[in-house]
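Overview (structure and organization)
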Amino acid sequence: MLWIIFAVLTGIAIFSVLWPLARAPKRQSDVERDIAFYEERLGEIDREVERALIAPEDAKAVKAEAARRLLVSADQDKAPAQASQTRIRLATALGLILVPAVALGLYARVGHPDWPDLPLQARLNSDPARMDLATAIAKVEAHLAQNPSEGRGYEVLAPAYLRMGRVDDAVRAASTALRLLGDSPERLSLYGETLVAAAQGVVTKEAQEAFTKAVANGALAPKASLYLGLAAEQDGDTQRALAIWRKLLADVPNAPWTESLRQKIAALSGEAGPQSTPEGAAIAAMPEGDRDAVIRSMVDRLAARLAQNGQDLEGWLRLVRAYKVLNEADKARTALGEARRNLGNDPAATARIDALAHELGLEG
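Here we summarise the structure given alongside this text. These numbers were taken from a predicted model, which means no experiment stands behind them.

1. Things to note about the pattern of salt bridges
Tallying each qualifying case throughout the model produces 17 salt bridges. Between Arg352 and Glu314 there is a salt bridge, and its shortest N-O distance comes to 2.7 Å. Pair noted here: Arg352 is in helix H17 (residues 347-359) and Glu314 is in helix H15 (residues 313-325), with a separation of 38 residues, a long-range link. Judged by its relative accessible area of 40%, Arg352 is partly exposed. Relative accessible area serves as the criterion here: at 37%, Glu314 is assigned to the partly exposed category. Where salt bridges share partners, they join Glu141, Arg166, Asp169 and Arg172 into one cluster.

Okay, structure coming up:
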């Protein structure tokens, strides 16, 4: 039955397109104009005979010639119309045969006609441990459609929406969870995170207010502290960012993000980042003059490498920071300009370059 329905729908779709083409246009043909001209010519010949301008025998010959020309014109007009109708009928027949044949052939090759139906409700009722993220989100959304005042569902949806890239939906879900369930450090942190994602990584004033509220009264909210440090960095307040992040490391020393945060602090403060390696320890143990020379040599090598391949965003960011640490602001600004020139077609990279320029006070 399903295939019969598909066949009928396909036929209707094809006929709806080709049927108007098969209809003859409603216009006055050349034959009708020739007939009118012929009738006018006959009347003119009769009037000339009455005025004795032409002999009756000659009039008969002229009328016969006019009739012959009319028949020739009619045949010439009829032949193209018949050819056009033939082509349209042929196109209709080919469409009715080829379109279903090609569609069925493609489906048989890339489709799965032997698979059973899997309606949405069956997927929603499956084992949660085996659900993909999209199905799990659909299940929660279906539940909230019946229970719109259940704040826990929105609290679950917000981070799921973030993972799916549905940022606006994440903001609405986190906001609704706050409204229905009230403030908590976790919910405030989640709401602020969605706002930052919506602003493409910028900690907006509204997000900063949410994070500040999350850590009020000494509450431990690591995610909020991370973003508050980022807000200070984006505002150019490096010392405040370092203070926030160092306190966070003291409070939460073994989080998954601990090592990356330590590296961030080292880069921001100008401390020797690679001291945990033998090479870094050796550099740190050198006299100040020798250490500066080695660091400058490393910076020069990085600059030379970027001159050959300017698509390394992280390399440009390291180079700019290194020039800033070495108090070479002009070289840092030049590096920023080169980074923008090489990565100008990447909006995300340009945003990070601009944020670093703002952070280091190298704008303008």
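2. Observations regarding the packing of helix H8 (residues 185-198) against helix H9 (residues 205-214)
Running from N to C, H8 and H9 cross one another at 160 degrees; their axes reach a closest spacing of 8 Å. Between H8 and H9, the crossing angle belongs to the class labelled roughly antiparallel. With respect to the hand of their crossing, H8 and H9 are arranged in left-handed fashion. Listed contacts from H9 to Pro185, Leu188, Ser189, Tyr191, Gly192, Glu193, Leu195 and Val196 of H8 are Glu206, Ala207, Ala210, Phe211, Lys213 and Ala214. A class-by-class count of the residues in the contact of H8 with H9 yields nine nonpolar, two polar and three charged.

3. Describing the nonpolar core
Ranked by size, the top nonpolar core spans 40 residues in total, and within it Tyr191, Val203, Phe211 and Trp245 carry the most contacts. Secondary structure elements with two or more residues in this core: helix H5 (133-146), helix H6 (151-164), helix H7 (167-181), H8, H9, helix H10 (222-234), helix H11 (238-251) and helix H12 (258-269). Those residues in contact with Phe211 that lie beyond four places of it in its chain are Ser189, Gly192, Glu193, Val196, Val203, Ala224, Tyr227 and Leu228.

4. A word on a nonpolar patch on the surface
Where nonpolar side chains cluster on the molecular surface, the patch consists of Ile4, Ile5, Val8, Leu9 and Ile12 and spans about 460 Å² of accessible area. As for its position among the elements, Ile5 is in helix H1 (residues 2-22).

5. Things to note about H11
The terminal C-alpha atoms of H11, which comprises 14 residues, lie 20 Å apart, in line with the 20 Å expected from a rise of 1.5 Å per residue. Among the residues making up H11, those that are buried are Thr238, Ala241, Leu242, Ile244, Trp245, Leu248 and Leu249. Within H11, the buried residues cover an arc of 165 degrees as seen down the axis, which keeps them to one side. With respect to the buried face of H11, the exposed residues turned more than 90 degrees away are Gln239, Lys247 and Ala250. Tucked into the core, H11 has its buried residues touching H10, H12 and H17.

Analysis parameters
Residues numbered from 1 in each chain as written. Predicted model: local features only at pLDDT ≥ 70, side-chain atom pairs only at ≥ 80, totals over all residues. Heavy atoms only, no water. Salt bridge = Lys/Arg side-chain N within 4 Å of Asp/Glu carboxyl O. Helix = DSSP H or I, 4+ residues; strand = E, 2+ residues; numbered from the N terminus. Buried < 20%, exposed > 50% of the residue type's maximum accessible area, 1.4 Å probe, protein only. Axes fitted to C-alpha atoms, helices over the stretch in contact; angles between N-to-C directions. Parallel < 35°, antiparallel > 145°, perpendicular 65-115°, else oblique. Left-handed = near helix turned anticlockwise from the far one by under 90°. Contact = heavy atoms within 4.5 Å. Nonpolar A, V, L, I, M, F, W, Y, C, P; charged D, E, K, R; others polar. Core = buried A, V, L, I, M, F, W, Y, C linked by side-chain atoms within 4.5 Å. Patch = residues over 30% accessible without salt bridge, like charges linked within 9 Å, V, L, I, M, F, W, Y side chains within 5 Å. Areas by Shrake-Rupley, 256 points an atom, 1.4 Å probe, with all protein chains shown as cover. Expected span 1.5 Å × (residues − 1). Arc of directions from axis to C-beta.

Without other data, these values stay purely geometric and don't point to any function.
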